[in-house]
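Architecture at a glance
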Amino acid sequence: MHSLQLKFSAVVIALLAVACVSLAVIGTQNLSDALETEGRKWATLFVETLAGDARNALLDLDMEQEGDFGPELELDKFVEKAGKHKGVGGARLLNREGRVIAAKASTERNTKGRQRTGIDMAEDAEAPCEQKGLLLECAAPVIFDGERLGEAQIEFDLRVMTKPVVSRNSKQFAIAAVVLLALGVAAGMIFVALLVNPLKRLRHGVEQMSEGNVMIRVPPTSHDEVGELTRAFNEMGDSLAQK
């Protein structure tokens, strides 16, 4: 009878483990997708804000006199401020020719940048974002009075937003899985005990009857199949006692 308990417990544990893992994977993936969507919205808003902040300085840069570094210093401050935000791996501003005039990485300055927005892109159009793994690259044009002055770009690491939440969520799933497994095993053991105890009594009755004690009877304790089997055993005992 102990083997029945072990087998039933093993089946319950396996089924619950599969269910818990499946739910954890599905829940974590859905959460990650939702957070990535929010991260895309945040990055889009952030790069559009950077483009708006840089508009006047880029306009001044177009009209600056030789030796006037005011607009460039202002653009550097905008990029420096943007680069300090958690998750922002890269930030830069390009002029109308596509030259990097301000960047978080100093080595990018005065290099030829890759413009990611179309020349005819409307000012109120949503900033395009390109996702490479968990790295999100977003760009927004800098437009003044219908004229394109340049482009703002940022790279945002989505792990900054998803990793802490997913990690916390995974721990909660793990705790819930352990509790669920414990409850499942306990419930399974109780169920098996309720099934095994009547069978033990019935086995004892069969052993007594095989030794010649035809008066042995086993009181049925349920109306299920085990109870029907017990009643059938008692009827067999009645038949043998009448002979």
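Okay, so let's go over this structure.

Cut-offs applied
Residues numbered from 1 in each chain as written. Predicted model: local features only at pLDDT ≥ 70, side-chain atom pairs only at ≥ 80, totals over all residues. Heavy atoms only, no water. Pairing = 2+ DSSP bridges. Helix = DSSP H or I, 4+ residues; strand = E, 2+ residues; numbered from the N terminus. Axes fitted to C-alpha atoms, helices over the stretch in contact; angles between N-to-C directions. Contact = heavy atoms within 4.5 Å. Buried < 20%, exposed > 50% of the residue type's maximum accessible area, 1.4 Å probe, protein only. Salt bridge = Lys/Arg side-chain N within 4 Å of Asp/Glu carboxyl O. Disulfide = S-S within 2.5 Å. Expected span 1.5 Å × (residues − 1). Arc of directions from axis to C-beta. Polar contact = N/O pair within 3.5 Å; in protein donor to acceptor, adjacent residues only side chain to side chain. Parallel < 35°, antiparallel > 145°, perpendicular 65-115°, else oblique. Left-handed = near helix turned anticlockwise from the far one by under 90°. Nonpolar A, V, L, I, M, F, W, Y, C, P; charged D, E, K, R; others polar.

With antiparallel pairing, the five strands of this open sheet are ordered in space as E2-E1-E5-E4-E3. In this open sheet, the two strands that pair with only one neighbour each are strand E2 (100–103) and strand E3 (129–132). Direction aside, the axes of adjacent strands within the sheet are offset by 20° on average. As judged from the 10 bridges shared by strand E4 (residues 135–144) and strand E5 (residues 147–157), these two strands associate in the antiparallel manner.

Mapped onto the elements of the fold, alanine 51 is located in helix H1 (residues 2–62). Spatially, the C-alpha atoms of alanine 51 and alanine 91 are 11 Å apart, while their sequence positions differ by 40 residues. Other than its neighbours up to four places away in sequence, alanine 51 contacts Ala140, Pro141, Val142 and Ala152.

Counting buried residues along strand E1 (residues 88–95), seven of its eight residues qualify, which places the element largely inside the surrounding structure. Bridge count for E1 against E5 is seven bridges, and the pairing is antiparallel. The partner of valine 88 across the bridge, within E5, is phenylalanine 156. Both E1 and E2 contribute to a ladder of three bridges, which runs antiparallel. Residue pairing across strands places leucine 94 opposite valine 100, the latter belonging to E2. The hairpin formed by E1 and E2 contains four residues between the paired strands, and glycine 98 there has a positive phi angle of roughly 90°.

A few words on the pattern of salt bridges. Under the counting rule described, the total for this entry stands at 15 salt bridges. Close ionic contact of lysine 41 with glutamate 38 constitutes a salt bridge, the shortest N to O distance being 3.7 Å. Here the residue lysine 41 and the residue glutamate 38 both occupy positions in helix H1, the gap between them amounting to three residues, near one helical turn. Glutamate 80 serves as the salt-bridge partner of lysine 84, at 3.9 Å between the closest nitrogen and oxygen. Judged by its relative accessible area of 47%, glutamate 80 is partly exposed. Several salt bridges share partner residues, and in doing so they unite Arg92, Glu108, Arg114, Arg116, Glu130, Lys132, Glu137 and Glu155 into one network.

For the rest of this paragraph, the subject is the state of the cysteines. Summed over the entire model, instances satisfying the criterion amount to one disulfide. One disulfide bridge connects cysteine 129 with cysteine 138, the sulfur atoms lying 2.0 Å from each other. In this structure the cystine formed by cysteine 129 and cysteine 138 twists about its S-S bond by roughly 110°; its chirality is therefore right-handed. No difference in accessibility class separates cysteine 129 from cysteine 138, as the two residues are buried.

Attention now goes to helix H2 (residues 70–83). An α-helix turns once every 3.6 residues. As a result, residues three or four positions apart point the same way. With 14 residues, H2 should cover 20 Å at 1.5 Å per step; its first-to-last C-alpha distance of 20 Å lies within 8% of that length. Within the span of H2, buried status applies to Pro71, Leu75, Val79, Ala82 and Gly83. In an axial view of H2, the angular spread of the buried residues amounts to 110°, which keeps them on one side of the axis. Exposed and oriented more than 90 degrees from the buried face of H2 are Leu73, Lys77 and Lys81.

As for its position among the elements, asparagine 95 is in strand E1. Looking at asparagine 95, its side chain comes within polar contact range of the main-chain nitrogen of glutamate 97, at 3.1 Å. Residues within four places of asparagine 95 in sequence aside, it is in contact with Ile101, Leu149 and Gly150.

The description of two packed helices rests on the angle between their axes and on the distance between the axes. Relative orientation of the contacting elements helix H3 (residues 159–210) and helix H4 (residues 225–242) amounts to 15°, with a least axis distance of 10 Å. It follows from the interaxial angle that H3 and H4 lie roughly parallel. The element H3 and its partner H4 pack so that their crossing is left-handed. The segment H3 lies against H4, with Leu195, Pro198, Leu199, Leu202, Gly205, Val206 and Met209 engaging Val226, Leu229, Thr230, Phe233, Met236, Gly237 and Leu240. Across the contact of H3 with H4, the residue classes break down as 11 nonpolar, three polar and no charged.

Functional significance is not addressed by these values, which are geometric in nature.
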